[in-house]
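The chain contents come next:
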Amino acid sequence: MSALHEVFRRCRDEDRAALVGYLPAGYPDKETSLAAVRALAESGADVIEVGVPYTDPLMDGPVVERAASEALAAGFRLTDVFDVVSAVRDGGAVPVVMSYYNPVLRYGVDRFAADLAAAGGTGMITPDLIPDEAGPWREAAGRHGLSTVFLVAPSSTDGRLRMTAEACDGFVYVASTMGVTGVRAAVGGDARTLVERTRAVTDLPLCVGLGVSTGEQAAEVATFADGVIVGSALVRALGRDRGLGELRTLAADLAAGVRRR
Amino acid sequence: MSTVGRFGDFGGRYVPEALIAALQELDAAWTEAMVDPAFVEELQRLQRDYTGRPSPLTEVARFAEHAGGARVFLKREDLNHTGSHKINNVLGQALLTVRMGKRRVIAETGAGQHGVATATAAALMGLECTVYMGEVDTRRQALNVARMRLLGAEVVPVSTGSATLKDAINEAMRDWVTNVGHTHYLLGTVTGPHPFPTMVRDFHAVIGQETRAQILEKAGRLPDAVCACVGGGSNAMGIFHAFREDADVRLFGFEAGGEGPSSGRHAARFSGGEPGVLHGAATYVLQDDNGQTLETHSVSAGLDYPSVGPEHAFLHDTGRATYEPVTDEEAMEAFALLCRTEGIIPAIESAHALAGAMRVGKQLATDPARTEPPVLVVNLSGRGDKDVDTAARWFGLVDGEDLVEAERLKAEEPVAEVEGSGW
């Protein structure tokens, strides 16, 4: 059993949802990024998604897109992601990577899996890779003991929900609204409905993402999900205050939220 | 790896799960429509009465003197309504949009040709239309922005990333994923997730079907080679498809060589690219060793794209088609040559195919076994009205300061007096 499986079991035992935070590796630069994931871990994130900056992030809204551009301009190299993964682990949270497929494909799928596992990573979320196309990645993940996390969406048919959940390990990423990443005023009933539909086909932990930005929203989502994913709001906080103060404050608020279900 | 929409190892569906339902819906609607006589008839009626098909096949003897003595025939997609081949695919997909009960189309555009064609079809069929265009391109192609707005479309400048065509595609994908319930993404070329590469090819296949019949009639035989420019590759797939089983017909695709393959400033995916994934398809991608997409360069906006349709990747790897870069300079030379020898101003994109044909003609002429002149067909995918400005500056036909002054005068004068007087 990997650290990813354990963290969800622990949260379940504590009768709370897990806080899953997202930050892009190398944003705003490598050093700050290493410090930021440690700060996020220390402030209460259970799992940290280490994003791989990419030139064409078609699933991301403006906040994450701009952060990726900035990280690339600051000289991000794919191998930096392994250092950030190690920093997450040092900070006491469980690291998973979130990457569009092409950088991984270019690095070599098996080589990426080996290096990710060696750095202490537990798996990868793939926003533009559906299980239907993920054969090589699933085999590599299996060889190196990594979890494969795919997304389900409100438009997924019941058949695809089942197929996708069966291809997942660790947790299922429930993309709660139709749209790209970004802060939203309300998380909405779509999320609850999709969680219920997914719950009907799997026992895996279900983490809800896309739109959560406050402790209050986190608490609301925590009433029906096993994990609350927060991305753009954390990226924005890091962008506004590179001294990490805002990031720590927001993370603490969110961590309190997931314990208030 | 799935087998859905594959061309060998290429193609597939590398997109967020949120889009899969829409792609399946589109695939089903298209498959049903193509065997529905009412749909096929309506599409043929539009091609005939609205686009002006069939487009002629013109022999260009004066131009051919510069192509090693080959006989050269141009497939005149430049004479279609809206000025390029783009309308073939747009009308097909717009009809499908109506058939699926959707009321809005979105599109990406680089130079503006596909955007104008989409805005045109949207106006014709009463659909809402939003066109995404890189901010850099909206400035370079201000007149096409005006054209789209005249036709009732909303044009959204995209400032993210490199602010060019690939970023316009990203933004269109983001819109689609958000509004997929009532919106169809009218993708303009033979790439993207399945079914786009196959569907767009099939809507353009009429180009090759007409060409094959026309060349048999005019030359009495099949051509030795078919030449086309390749950006995303829709005009090339459109003309290649009908000849795919004719083993003696060589297929040539000409990519944007920009300032030369060694300069790094080009869009020659088959010279400098590697297999990868971009915009939903596994195909050749110009990328760095971190898998980040590289910025491209070409004098022609329509070829300035870092990836290429997956079926071209397949034709390249199997050797059925040959892909070569043509530099900005070679293309502009061919552009000028066609203007002067035939009185036809081609799109700069199509001028890449003309330059390539000159090269192919000279090569074929060296074969001592040949008893009659080789026959070449070039897909003249678009007209060059949109490129007059670029050409004027390239050849120094108009003083740069005069151009600026003319624009200033136009901007300052009252509208009624701007357009000149009579002839």
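How each quantity is defined
Residues numbered from 1 in each chain as written. Chains lettered and ligands numbered in written order. Predicted model: local features only at pLDDT ≥ 70, side-chain atom pairs only at ≥ 80, totals over all residues. Heavy atoms only, no water. UniProt positions renumbered as here; feature names shortened; annotations may be inferred. Phe/Tyr/Trp six-rings, centres within 6.5 Å; stacked < 30°, edge-to-face > 60°. Helix = DSSP H or I, 4+ residues; strand = E, 2+ residues; numbered from the N terminus. Buried < 20%, exposed > 50% of the residue type's maximum accessible area, 1.4 Å probe, protein only. Lys NZ or Arg CZ within 6 Å of the ring centre and 35° of its normal. Axes fitted to C-alpha atoms, helices over the stretch in contact; angles between N-to-C directions. Parallel < 35°, antiparallel > 145°, perpendicular 65-115°, else oblique. Left-handed = near helix turned anticlockwise from the far one by under 90°. Contact = heavy atoms within 4.5 Å. Nonpolar A, V, L, I, M, F, W, Y, C, P; charged D, E, K, R; others polar. Pairing = 2+ DSSP bridges. Core = buried A, V, L, I, M, F, W, Y, C linked by side-chain atoms within 4.5 Å. Domains from an automatic or database assignment. Patch = residues over 30% accessible without salt bridge, like charges linked within 9 Å, V, L, I, M, F, W, Y side chains within 5 Å. Areas by Shrake-Rupley, 256 points an atom, 1.4 Å probe, with all protein chains shown as cover. Salt bridge = Lys/Arg side-chain N within 4 Å of Asp/Glu carboxyl O. Polar contact = N/O pair within 3.5 Å; in protein donor to acceptor, adjacent residues only side chain to side chain. Disulfide = S-S within 2.5 Å.

- As recorded by an unreviewed UniProt entry, chain B carries the name Tryptophan synthase beta chain and is attributed to Ornithinimicrobium tianjinense.
- Looking at chain B in UniProt, the text filed under Subunit (unreviewed entry) is "Tetramer of two alpha and two beta chains."
- Heading Catalytic activity (unreviewed entry) of the UniProt record for chain B holds this comment: "(1S,2R)-1-C-(indol-3-yl)glycerol 3-phosphate + L-serine = D-glyceraldehyde 3-phosphate + L-tryptophan + H2O".

- As named in an unreviewed UniProt entry, chain A is Tryptophan synthase alpha chain, taken from Ornithinimicrobium tianjinense.
- Here is the UniProt Pathway (unreviewed entry) comment for chain A, exactly as written: "Amino-acid biosynthesis; L-tryptophan biosynthesis; L-tryptophan from chorismate: step 5/5."
- Its UniProt record gives chain A a comment under Sequence similarities (unreviewed entry), which states: "Belongs to the TrpA family."

## Re the packing of aromatic side chains
Link 1 in the chain: Summed over the entire model, instances satisfying the criterion amount to 13 aromatic pairs over all chains.
Link 2 in the chain: Measuring from ring centre to ring centre gives 6.1 Å for B:Trp176 and B:Phe196, while their planes differ by 70 degrees; the resulting arrangement is edge-to-face. Residue B:Trp176 is located in helix H8 (residues 165-179), and its partner B:Phe196 is located in helix H9 (residues 196-219); the two are separated by 20 residues in the primary sequence.
Link 3 in the chain: Given a relative accessible area of 0%, B:Phe196 falls into the buried group.
Link 4 in the chain: The rings of B:Phe10, B:Phe270, B:Tyr284 and B:Tyr323 are connected pair by pair, giving a single aromatic cluster.
Link 5 in the chain: Sitting over the face of the ring of A:Tyr107, A:Arg111 holds its NZ or CZ atom 3.8 Å from the ring centroid.

## Regarding the packing of helix H4 (residues 80-91) of chain A against helix H6 (residues 109-118) of chain A
Residue and element names in this part refer to chain A.
Link 1 in the chain: It is the contact of H4 with H6, at a shortest axis distance of 9 Å, that shows an interaxial angle of 30 degrees. It follows from the interaxial angle that H4 and H6 lie roughly parallel. The chirality of how H4 crosses H6 is right-handed. Mapping the contact onto sequence places Val 81, Phe 82 and Val 85 in H4 and Phe 112, Asp 115 and Leu 116 in H6.
Link 2 in the chain: The class makeup of the residues in the contact of H4 with H6 is 5 nonpolar, no polar and 1 charged.

## Here's the deal with the sheet that holds strand S8 (residues 206-209) of chain A
Residues and elements named next belong to chain A.
Link 1 in the chain: As summarised here, the arrangement of the 9 strands in space is S5-S4-S3-S2-S1-S9-S8-S7-S6, forming an open sheet in which the pairing is parallel. Edge positions in the sheet fall to strand S5 (147-149) and strand S6 (151-152), since each of these pairs with one other strand and no more.
Link 2 in the chain: Relative to S5, strand S4 (residues 123-125) runs parallel, the two sharing 3 bridges. In the strand pairing of S5, Gly 123 is matched with Ser 147.
Link 3 in the chain: Contacts between helix H2 (residues 30-42) and the sheet are confined to strand S1 (18-24) and strand S2 (47-51), with S1 contributing the most and set at about 170 degrees to the helix.

## Things to note about the nonpolar core
Link 1 in the chain: Residues A:Phe112, A:Trp137, A:Tyr173 and B:Phe240 are the most contacted members of the largest nonpolar core, which totals 191 residues.
Link 2 in the chain: Each of domain 1 (14-48 + 86-196) and domain 2 (53-83 + 205-389) of chain B gives at least three residues to this core.
Link 3 in the chain: Filtering out sequence-adjacent residues up to four positions away, B:Phe240 remains in contact with B:Val226, B:Ala228, B:Leu251, B:Phe252, B:Gly253, B:His312, B:Leu315, B:Ala321 and B:Tyr323.
Link 4 in the chain: Counting 37 residues, the second-largest nonpolar core is a separate cluster that includes B:Ala67, B:Leu74, B:Ala357 and B:Leu380.

## As for a nonpolar patch on the surface
Link 1 in the chain: Together, B:Trp394, B:Phe395, B:Leu397 and B:Val398 line one region of the surface with nonpolar side chains, adding up to about 370 Å² of accessible area.
Link 2 in the chain: Counting through the fold element by element, B:Phe395 comes out in the loop between helix H15 (388-394) and helix H16 (400-412).

## Some thoughts on helix H7 (residues 135-143) of chain A
Link 1 in the chain: Buried within H7(A) are the following residues: A:Gly135, A:Trp137, A:Ala140 and A:Ala141.
Link 2 in the chain: Once H7(A) finishes, A:Gly145 follows within two positions and takes phi at roughly 65 degrees, a positive value.

## Examining the UniProt feature "active site" (unreviewed entry) in chain A
Link 1 in the chain: Mapped onto the present numbering, the UniProt feature "active site" (unreviewed entry) falls at A:Glu49 and A:Asp60.
Link 2 in the chain: With respect to the helices, strands and loops of the structure, A:Glu49 is situated in strand S2.
Link 3 in the chain: Apart from the residues lying within four places of it in its own chain, the contact partners of A:Glu49 are A:Val20, A:Gly21, A:Tyr22, A:Leu23, A:Val96, A:Met98, A:Ile125, A:Tyr173 and A:Ile229.
Link 4 in the chain: As for its placement among the helices and strands, A:Asp60 is situated in the loop between S2 and helix H3 (62-73).
Link 5 in the chain: Taking relative accessible area as the criterion, A:Asp60 reaches 9% and is therefore assigned buried.
Link 6 in the chain: Ignoring anything within four residues of it in the chain, the contact list for A:Asp60 reads A:Glu65, A:Tyr100, A:Val180, A:Thr181 and B:Arg174.

## A closer look at the pattern of salt bridges
Residues and elements named next belong to chain B.
Link 1 in the chain: With the rule as written, the count across this model stands at 47 salt bridges over all chains.
Link 2 in the chain: Put simply, Arg 201 and Glu 311 hold a salt bridge, and the shortest N to O gap is 3.0 Å. One end of the pair, Arg 201, is in helix H9; the other, Glu 311, is in helix H12 (residues 310-318), with 110 residues separating them in the sequence. Taken individually, Arg 201 and Glu 311 each receive the classification buried, so the pair is uniform in this respect.
Link 3 in the chain: With a shortest N-O distance of 2.9 Å, Arg 221 and Glu 372 are connected by a salt bridge. Linking Arg 221 in the loop between H9 and strand S9 (225-229) with Glu 372 in the loop between helix H14 (348-365) and strand S14 (375-380), this pair joins segments that are 151 residues apart in sequence.
Link 4 in the chain: The class of Arg 221 is partly exposed, set by a relative accessible area of 21%.

## Examining the UniProt feature "domain: Tryptophan synthase beta chain-like PALP" (unreviewed entry) in chain B
Link 1 in the chain: This chain's UniProt record puts "domain: Tryptophan synthase beta chain-like PALP" (unreviewed entry) on residues 52-366 of chain B.
Link 2 in the chain: Between the C-alpha atoms that bound residues 52-366 of chain B the distance is 39 Å, and the span itself is 44% helix and 19% strand.

## Some remarks on the environment of A:Thr32
Residues and elements named next belong to chain A.
Link 1 in the chain: Positionally, Thr 32 belongs in helix H2.
Link 2 in the chain: Residue classification places Thr 32 among the buried positions, given a relative accessible area of 17%.
Link 3 in the chain: The spacing of Thr 32 and Leu 238 is 206 residues in sequence and 9.3 Å in space, taken between C-alpha atoms.
Link 4 in the chain: Setting aside its immediate chain neighbours within four residues, Thr 32 contacts Leu 238, Arg 242 and Leu 244.
Link 5 in the chain: Within polar-contact distance, the side chain of Thr 32 engages the side chain of Asp 29 at 2.8 Å.

## Side note on the state of the cysteines
Residues and elements named next belong to chain B.
Link 1 in the chain: Using the criterion set out here, one finds 0 disulfides over all chains in the structure.
Link 2 in the chain: For the unlinked cysteine Cys 227, the closest cysteine sulfur is that of Cys 229, found at 11 Å.
Link 3 in the chain: Overall, the relative accessible area of 0% leaves Cys 227 in the buried class.
Link 4 in the chain: Among the cysteines around Cys 339, which has no disulfide bond, Cys 229 carries the closest sulfur, lying 16 Å off.

## Some details on the environment of A:His144
All names here are of chain A.
Link 1 in the chain: Here His 144 is to be found in the loop between H7 and S5.
Link 2 in the chain: With a relative accessible area of 26%, His 144 lands in the partly exposed category.
Link 3 in the chain: A sequence separation of 21 residues divides His 144 from Gly 123, and the C-alpha atoms of the two residues are 9.5 Å apart.
Link 4 in the chain: Setting aside anything within four residues of it in sequence, one finds His 144 in contact with Asp 110, Ala 113, Ala 114 and Ala 117.

## Topic: the sheet that holds strand S5 (residues 104-109) of chain B
All names here are of chain B.
Link 1 in the chain: Pairing in this open sheet of 4 strands is parallel, and the strands run S7-S6-S5-S8 from one edge to the other. Both outer strands of the open sheet, strand S7 (154-158) and strand S8 (183-185), are each paired with one neighbouring strand and no more. Between one strand axis and the next, the sheet turns by 25 degrees as a mean value, whatever way the strands run.
Link 2 in the chain: Looking at chain direction, strand S6 (residues 128-134) and S7 are connected through 5 bridges and run parallel. The residue bridging Val 131 from the neighbouring strand is Val 155, located in S7.

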